[in-house]
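Coordinate inspection notes
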Amino acid sequence: MKKNILTIGAYERDNFGDILFFLVFKYISQKYNIQIVAGSLMESDMREYFDTYVLPYDFLLSHYHFDAIWIVGGEMG
């Protein structure tokens, strides 16, 4: 069964560390049948930067089920 993990970070802007974490985690998760979803404080079309459309995490949590939530950025706390 595929697991769904929500990562929450500052993906809606050019934040190298959070985006790098997302890309590395997404790459590794493909081996383990895990789907990674990027959530942030606000909606943003980041497909030009890392091929992901970012939705607000409160919308994602109220409309989808996640097996785990991982907050990736220090500024998010």
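Here the structure is shown first, and the text comes after it.
Now for a quick tour of the structure. (Residues numbered from 1 in each chain as written. Predicted model: local features only at pLDDT ≥ 70, side-chain atom pairs only at ≥ 80, totals over all residues. Heavy atoms only, no water.)

**Remarks on the sheet that holds strand 2 (residues 34–40)**
Threshold: Strands pair, by our definition, only if DSSP identifies at least two bridges between them. Secondary structure is summarised from DSSP: a helix means a run of H or I of at least four residues, a strand means a run of E of at least two, and numbering begins at the N terminus for each.
Judged by pairing direction, the sheet is mixed, and its five strands sit side by side in the order 3-4-2-1-5 without closing on themselves. Whereas interior strands pair on both sides, the edge strands pair on one side only; in this sheet they are strand 3 (44–45) and strand 5 (68–71). Pairing analysis gives two bridges linking strand 2 to strand 4 (residues 53–56), with the strands arranged parallel. Note that in strand 4 the partner of Gly39 across the bridge is Leu55.

**With respect to the side chain of Ser44**
Note the following rule: Two N or O atoms count as a polar contact when they lie within 3.5 Å, although within protein this holds only if one can serve as hydrogen donor and the other as acceptor, and sequence-adjacent residues are included solely when both atoms are side-chain atoms. Whether two residues are in contact is decided by their heavy atoms: any pair within 4.5 Å suffices.
Relative to the elements of secondary structure, Ser44 occurs in strand 3. One polar contact links the side chain of Ser44 to the main-chain carbonyl oxygen of Glu12, over a distance of 3.5 Å. When sequence neighbours within four positions are dropped, the list of residues in contact with Ser44 reads Glu12, Thr52, Tyr53 and Val54.

None of this, on its own, says anything about what the molecule does.
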